[in-house]
Amino acid sequence: MVEPPDSPMLSASQLAMLAELGNEQTADVGDVLYRVGDQRYPFIAILEGEVAIVDAAGDEIVRHGPSRFLGELNLLSGQSVFVTAVVAQPLRYIAVDRDVMRELLFEDGPLSDLVLSTFIARREALQTVEGLGLQIVGPRSSGETMRMLDFVRSNRLPFVWHDEAPAEGEAPLVRLPGNAELHAPSSGQLLRALGVGRELAPREEVDLLVIGGGPAGLGAAVYGASEGLDTLVVESTALGGQAGSSRRIENYLGFPAGITGTELAGRAVTQARKFGARPATPYRAVSLEPGNGRHVVRLEEDHEIAARAVLLATGADYRRLPVDGLAEYEGLSVFYAAGPPEARLCGAARVGVVGGGNSAGQAAVWLARGGALVTLLHRRADLRETMSDYLVRELERYGVAVRDRSEIEALHGEEGHLDAVTLTSGERVPFSFLFLFLGARPCTEWLGDTVLRDDNGFILTGADAHAEHLLETSVPGIFAAGDVRSGSTKRCATAVGEGAMAVQFVHAHLGRVLTRRPAPV
Ligand SMILES: Cc1cc2nc3c(=O)[nH]c(=O)nc-3n(C[C@H](O)[C@H](O)[C@H](O)COP(=O)(O)OP(=O)(O)OC[C@H]3O[C@@H](n4cnc5c(N)ncnc54)[C@H](O)[C@@H]3O)c2cc1C
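Just so it is clear, the structure is predicted and the values come from calculations on it, not from any experiment. (Residues numbered from 1 in each chain as written. Predicted model: local features only at pLDDT ≥ 70, side-chain atom pairs only at ≥ 80, totals over all residues. Heavy atoms only, no water.)

### A few points about the packing of helix α7 (residues 215–226) against helix α9 (residues 261–274)
Right, so step 1: Packing of α7 against α9 leaves a shortest axis separation of 8 Å and a crossing angle of 25°. Considering the angle they form, α7 stands roughly parallel to α9. In the crossing of α7 with α9, the sense of the turn from one axis to the other is left-handed. Here L218, A221 and V222 of α7 lie close against α9, whose contacting residues are A268, V269, Q271 and A272.
Right, so step 2: A breakdown of the residues in the contact of α7 with α9 according to their chemical character gives six nonpolar, one polar and no charged. (Axes fitted to C-alpha atoms, helices over the stretch in contact; angles between N-to-C directions. Helix = DSSP H or I, 4+ residues; strand = E, 2+ residues; numbered from the N terminus. Parallel < 35°, antiparallel > 145°, perpendicular 65-115°, else oblique. Left-handed = near helix turned anticlockwise from the far one by under 90°. Contact = heavy atoms within 4.5 Å. Nonpolar A, V, L, I, M, F, W, Y, C, P; charged D, E, K, R; others polar.)

Right under this line is the structure:
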């Protein structure tokens, strides 16, 4: 398959600029430019000839010609390569070192737009190619296997799952591109084996530690780092947070056509790095010990960060359905996000989407557009009470059936494959897949009683916490922003805004701490 004619092309002036920064080279038919499992390859822009992108079995996925470029997100993240690039027609090309390319993307807006959006689209396309990426071998009865599947899904890694016990060793066995194997790795070990994830030193000292890499955390990282604070962001799962899993955010200022969560998150991370913030993932914060001048946060795998100020931006987690046997179906036929792999599974199938909020509406529209027969179930009498009007209209447009006042009481199926659900009304409705968007609970359990929280576990700030600053918690120098904060508006833009605003209070706190220091004698 040759890349579609409307696929992105570099202009003559962009090619000329790349030629100045890189080297012009040639290659013969059959030469391999990079192969599955490689961890480094340059940005390659084609001047003449063709390159075939093939999977590990040698099957061609796509072919690129003149003025096209190679690569996907791993070129920027350093992640192992999932495909092989083989010269298919005598090739003349420009190779630009990836570090040089990264610098260029910071400076050249139009090139950055073209390359980033293409890389993100390619990663989404790779997720739909059968047999590509990681192989995960482990039975669904293994909790570790199911956790690993959740992790690779939220990190948008292409993968294949074999629902069986590995021939030897603990489950799951994870086979990496290039065939290296890991037995029951932690999420950190997996990402680092793939070449991603900055190794933190056992102890680090920073000005601002941001815990959580969603919109609030990334907002704070951009403003903190750009205003001269040594800023570290630790994220336990995938940078982007809940927003990263959104199909399309339609109401974010500046993107009238909407923007996918992946693209918004990718851009935010690039922007934070550009200003010198360090996003470190996957590192989960497990305890917080307030101190005089420095607060100490301990992370999984025995890391310790001493920070002059801490921003808690750990957001919220999806609520689960209170029905028996749910875990058996999760990851197989019950999901909490609707991405390309799930849409591929659900084509022409009967699908239930549960929830009355915009996230449920977005998922229902996305799945219906992919050919699924979608029914949206929600508890209230009228969907308009909880969902934006434009989405209600989209549901009608794409033929999504809406059932008001509906709640699920039981799931029916075998071996994790759903057949039907029973509603509290007693009615049985046939569904092969279920997507749950039931709201969220705050990720604050790890904090214990370090900072004051409300009855639902959300963090109190400002006057409610008897704090000096609006976003300060009950402990001076520890701040909270975004969905995790009691009373916040649970939206992307407000999370970003609060993250940015928190930095102003961090400066005020640091100034106060500095002025209180005893004068040197
Ligand atoms: C499917 C979906 C669609 C949505 N669509 C829209 C929309 O169209 N418009 C809109 O405005 N809003 C939308 N939202 C809501 C919006 O995404 C959230 O309000 C926003 O992401 C909140 O940002 P946050 O940074 O506060 O928290 P989050 O996005 O929840 O990020 C918190 C991060 O902290 C990490 N974390 C948690 N605990 C720890 C720990 N102990 N250590 C380290 N890291 C930790 C988490 O892994 C997560 O990445 C949507 C949400 C969802 C789920």
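### Observations regarding the site of the ligand
Right, so step 1: Close to the ligand lie 35 residues; A216, E235, Q242, Q362 and D483 are nearest.
Right, so step 2: Between an oxygen atom of the ligand and a side-chain N or O atom of E235, the distance comes to 2.6 Å.
Right, so step 3: Taken by itself the ligand offers 1,000 Å² of open surface, and the protein chains cover 93% of this.
Right, so step 4: With three residues, the single largest contributor to the shell around the ligand is helix α8 (residues 241–244). (Near = heavy atom within 4 Å. Polar contact = N/O pair within 3.5 Å; in protein donor to acceptor, adjacent residues only side chain to side chain. Areas by Shrake-Rupley, 256 points an atom, 1.4 Å probe, with all protein chains shown as cover.)

### Section: the sheet that holds strand β22 (residues 417–423)
Right, so step 1: Spatial strand order, β21-β22-β23: three strands in an open sheet with antiparallel pairing. At either end of the open sheet lies a strand with only one pairing partner, and these are β21 (408–414) and β23 (428–430). The sheet shows a mean angle of 30° between the axes of neighbouring strands, taken without regard to direction.
Right, so step 2: Relative to β22, β21 is paired through six bridges, and the arrangement is antiparallel. The residue of β22 that forms the bridge with E414 is H417. (Pairing = 2+ DSSP bridges.)

### Describing the pattern of salt bridges
Right, so step 1: Under the defined criterion, the tally for this structure stands at 31 salt bridges.
Right, so step 2: Here E263 ties to R267 by a salt bridge, and the two come within 3.1 Å at their closest N and O atoms. With E263 and R267 both in helix α9 and four residues apart, this pair spans about one turn of that helix.
Right, so step 3: Exposure remark for E263: the relative accessible area of 17% places this residue in the buried category.
Right, so step 4: A salt bridge links E445 to R441, with the shortest nitrogen-to-oxygen separation between them at 3.5 Å.
Right, so step 5: Residue E445 is classed as exposed on the basis of its relative accessible area, which comes to 62%.
Right, so step 6: Assessed through its relative accessible area of 34%, R441 is described here as partly exposed.
Right, so step 7: Via salt bridges that share partners, R203, E205, E289, R294, R298 and E304 belong to a single interconnected network. (Salt bridge = Lys/Arg side-chain N within 4 Å of Asp/Glu carboxyl O. Buried < 20%, exposed > 50% of the residue type's maximum accessible area, 1.4 Å probe, protein only.)

### Concerning the environment of I478
Right, so step 1: Looking at where I478 falls in the secondary structure, it is placed in strand β26 (residues 478–480).
Right, so step 2: Considered as a pair, I478 and G49 are 429 residues apart in the sequence and their alpha carbons are 57 Å apart.

### Focus on helix α5 (residues 143–154)
Right, so step 1: Between its first and last C-alpha, α5 extends 17 Å over twelve residues, near the 16 Å set by a 1.5 Å rise per residue.
Right, so step 2: By the burial criterion, the buried members of α5 are T145, M146, M148, L149, F151 and V152.
Right, so step 3: Check the buried side of α5 and you find it contacts β6 (134–137), β7 (159–162), β8 (173–175) and α6 (187–193).
Right, so step 4: Just downstream of α5, R156 is the residue with a positive phi angle, here 55°. (Expected span 1.5 Å × (residues − 1).)

### Focus: the pairing of strand β24 (residues 433–436)
Right, so step 1: Burial of the side chains of β24 extends over both faces: F433 and F435 are buried on one face and L434 and L436 on the other.
Right, so step 2: Here strand β17 (residues 334–335) pairs with β24 via two bridges, running parallel. If you follow F335 over to β24, its bridge partner there is F435.
Right, so step 3: Where strand β18 (residues 350–354) and β24 come together, four bridges link them in parallel fashion.

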